[in-house]
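Each chain, written out:
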Amino acid sequence: MNNKALVKLSNVIGITSIVLLVYWVFIFISITVFGLKVFRENLTETFYLSVVGILALMVGALIINLMFNLTRIADRHNVDDIQMSKQGSKRLGIVFGLSFPLIFGLLFGGDYLTSRKKEKMLIASAKSIVESNLEKSEKLVNYSFNEKWIMETDNTLDLFAKTDKHFPFVTVIVADSIDKSKVFLGFRTYHRNNNDSIGPVKIDFIQETTEEERKYLIGVFYDRVEEVRFSSIDGHYELFYPVIKNGKKIVLYFSEYQRYGKIGS
């Protein structure tokens with residue numbers, strides 16, 4: 001390969017690397033700002049490291065140009081070979097500009113599909129608890145604030161979690177009252193203190209909720225709402241799954257955080 005062809009090749013590599021880097025930065029900003037979850041766990045790191053390869057190509061192309069110093073010579077003697085028509089340049093610019101909203105749409109589409117997949121998985125986990133373990137589900141629904149029920153609930157949820165390594169974090173939410181004030185209690189883990197003769201206290205189990213979540217729980221426990229509630233925010237997935245048996249109600253609250261899927265995770 002002669003010097004002229006080598007310089008031309010290095011220019012092509014350099015320009016291609018710059019375009020790829022621009023796309024990469026755009027994707028990086030979109031994913032980071034909007035908290036999109038698009039990639040699988042093993043692809044997240046691969047995507048992140050791809051910038052190293054792009055920069056390596058750019059540096060290599062620059063070094064070749066500097067070593068041979070033939071860019072101006074090649075431009076002087078081969079103007080016809082590298083000159084692009086105005087019409088072609090305009091079309092290329094339009095395609096380049098339209099590619100950004102297309103990429104942005106694909107990123108949001110990938111995030112939407114990831115969220116829907118996670119929703120189906122959480123609902124399937126909830127159904128598995130209720131339908132595959134009818135006896136234990138009956139015990140969960142028969143809520144009574146005492147140490148026996150709390151410990152049985154803790155053991156039941158531990159059993160579910162150890163059966164499936166992909167089982168998400170789950171809490172049993174019930175409606176109760178403290179000093180005539182309606183509250184929602186959440187039960188997941190319980191560590192009994194043998195030196196404590198008082199026993200469990202309701203205030204220690206109050207479930208922290210947002211205003212929207214409280215409105216939903218009020219609808220479930222005090223009205224006739226039976227729909228599930230799913231939310232997805234920046235990799236945090238939550239599912240409220242009502243369980244109603246013989247007029248008694250509990251809500252299975254599934255929560256999971258997906259660290260991978262965006263740059264920096």
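Residues numbered from 1 in each chain as written. Predicted model: local features only at pLDDT ≥ 70, side-chain atom pairs only at ≥ 80, totals over all residues. Heavy atoms only, no water.

**Q** Account for the sheet that holds strand S3 (residues 229–233), with residues named and values stated.
**A** Sheet strands pair via backbone hydrogen bonds, and the direction of the pair is either parallel or antiparallel. Here we have five strands laid out as an open sheet, ordered S2-S1-S5-S4-S3, and antiparallel in their pairing. Looking along the sheet, the strands with just one partner apiece sit at the ends: strand S2 (181–187) and S3. This sheet shows a mean twist of 25° between the axes of neighbouring strands, independent of strand direction. Bridging between strand S4 (residues 236–245) and strand S5 (residues 248–257) involves ten bridges; their strand directions are antiparallel. Its bridge partner lying in S5, Phe240 is registered against Tyr253. In this fold helix H7 (residues 147–163) packs onto strand S1 (169–178) and S2, with an angle of close to 160° to the strand it touches most, S1. (Pairing = 2+ DSSP bridges. Helix = DSSP H or I, 4+ residues; strand = E, 2+ residues; numbered from the N terminus. Axes fitted to C-alpha atoms, helices over the stretch in contact; angles between N-to-C directions. Contact = heavy atoms within 4.5 Å.)

**Q** Could you give an account of the pairing of S4, naming the residues involved and the relevant values?
**A** Counting buried residues along S4, seven of its ten residues qualify, which places the element largely inside the surrounding structure. The pairing of S3 with S4 spans five bridges and is classified as antiparallel. The partner of Phe230 across the bridge, within S4, is Leu239. Hairpin connection from S3 to S4: two residues lie between these consecutive antiparallel strands, with Asp234 at a positive phi of about 50°. Connecting S4 to the antiparallel partner S5 that follows it, the hairpin turn spans two residues, and Asn246 within it adopts a positive phi of roughly 55°. (Buried < 20%, exposed > 50% of the residue type's maximum accessible area, 1.4 Å probe, protein only.)

**Q** Account for the environment of Ile206, naming residues and giving values.
**A** Mapped onto the elements of the fold, Ile206 is located in the loop between S2 and helix H8 (211–222). For the pair Ile206 and Phe187, spaced 19 residues apart in sequence, the C-alpha separation works out to 8.8 Å. Apart from residues no more than four positions distant in its own chain, Ile206 is found in contact with Ile178, Phe184 and Leu185.

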